[in-house]
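Coordinates in review
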Amino acid sequence: GAVVSQHPSRVICKSGTSVKIECRSLDFQATTMFWYRQFPKQSLMLMATSNEGSKATYEQGVEKDKFLINHASLTLSTLTVTSAHPEDSSFYICSPQGDRGSYTFGSGTRLTVV
Amino acid sequence: TQLLEQSPQFLSIQEGENLTVYCNSSSVFSSLQWYRQEPGEGPVLLVTVVTGGEVKKLKRLTFQFGDARKDSSLHITAAQTGDTGLYLCAGGRGAQKLVFGQGTRLTINP
């Protein structure tokens, strides 16, 4: 159980464009979704937490208008990086949490902004 | 503020040697997880410890949760090249968000 699908695994985009990352929980319902960002050789840093049907709560220093999170269903959440800049290049990882409370992670999305 | 201090952050040893990675905090956690992450992939859960003093073994890996539930250790016996990777500890408090340590980048040389 607790299978997570995150797409795309890699994406390259031009500066100023937007990129959408999808995270699906395939065999459980994710009442809560955590989105993390990981820079090279660093640990995971939490960006935001969202509960299904509610607005996301963003960590300090994370721009909510730049990183749009949608958690409209219990099996799908999306993170959209708007007006991407090279400094947004990073590894983005989702972590859906179901009612069992276990922590499962997606396989990550490597975003490169050129 | 880094609530979980993980050490060492980098470790390079020869195959066959033993090693220990530490995860320390001044805060109490209801559970502590250890993950291993390969390049370009998400973290994969190795173990969860929830009881103070708990010891769990996973083949050559031994995980311990401190009596006060503020610290944990990961010990690898007879390391193999396949153990190379990034090891992360993360503390949880009920249904709240996980707090991650800085990670330990382990390299096992043949």
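Residues numbered from 1 in each chain as written. Chains lettered and ligands numbered in written order. Predicted model: local features only at pLDDT ≥ 70, side-chain atom pairs only at ≥ 80, totals over all residues. Heavy atoms only, no water.

A word on the environment of B:Pro110
Residue and element names in this part refer to chain B. How we decide: Only DSSP runs of H or I with at least four residues qualify as helices, and only runs of E with at least two residues qualify as strands; both kinds are numbered from the N terminus onward. The buried label applies to any residue whose accessible area, calculated with a 1.4 Å probe on protein chains only, is under 20% of its type's maximum; exposed applies above 50%, and partly exposed to all values in between. Every residue pair with non-hydrogen atoms within 4.5 Å of one another is taken to be in contact.
Following the sequence through the fold, proline 110 ends up in the segment after strand S11 (104-109). For proline 110, a relative accessible area of 79% corresponds to the exposed category. Distance from proline 110 to glycine 16, taken between C-alpha atoms, is 8.8 Å for residues 94 residues apart in sequence. Those residues within four positions of proline 110 in sequence are excluded, and the remaining contacts are Gln14, Glu15 and Thr81.

A short note on the sheet that holds strand S7 (residues 61-65) of chain B
Residues and elements named next belong to chain B. Applicable threshold: When DSSP locates at least two bridges between a pair of strands, those strands are taken to pair. Between N-to-C directions, angles span 0 to 180 degrees; the directions come from axes that are lines fitted to C-alpha atoms, helices contributing only their stretch in contact.
Pairing in this open sheet of 5 strands is antiparallel, and the strands run S1-S3-S8-S7-S6 from one edge to the other. Here the strands that pair on one side only, and so sit at the sheet edges, are strand S1 (5-7) and strand S6 (55-58). Averaged over neighbouring strand pairs, the angle between their axes works out to 15° when direction is ignored. Inspection of the sheet shows S6 paired to S7 by 4 bridges, in the antiparallel sense. Residue pairing across strands places lysine 56 opposite phenylalanine 63, the latter belonging to S7.

A closer look at the state of the cysteines
This is how the line gets drawn: Disulfide assignment relies on a single distance test, namely cysteine sulfur atoms paired within 2.5 Å.
Within this structure, the stated rule accounts for 2 disulfides over all chains. Here A:Cys23 is linked by a disulfide to A:Cys94, with a sulfur-sulfur distance of 1.9 Å. Given an S-S torsion of about 70°, the disulfide between A:Cys23 and A:Cys94 has right-handed geometry. Linking A:Cys23 in strand S3 (residues 19-25) with A:Cys94 in strand S9 (residues 90-97), this pair joins segments that are 71 residues apart in sequence. One exposure class covers both A:Cys23 and A:Cys94, and it is buried. Across the disulfide, B:Cys23 is cross-linked to B:Cys89 (sulfur-sulfur distance 2.0 Å). Judged by the torsion about the S-S bond (75°), the B:Cys23/B:Cys89 disulfide is right-handed.

Some details on the nonpolar core
Put simply, the rule is: Grouping buried Ala, Val, Leu, Ile, Met, Phe, Trp, Tyr and Cys residues that are joined through side-chain atoms within 4.5 Å yields what is termed a nonpolar core.
Grouped together as the largest cluster of nonpolar side chains are 24 residues, with contacts concentrated most on A:Trp35, A:Phe67, A:Leu79, A:Tyr92 and A:Leu111. Looking at this core, the elements with two or more residues in it are strand S2 (10-13), S3, strand S4 (32-38), strand S5 (45-51), strand S7 (67-70), strand S8 (76-81), S9 and strand S10 (109-113) of chain A. A per-element tally of this core places S3(A) first, with 3 residues. Counting 21 residues, the second largest nonpolar core, distinct from the first, contains B:Leu19, B:Cys23, B:Ala79 and B:Ile108.

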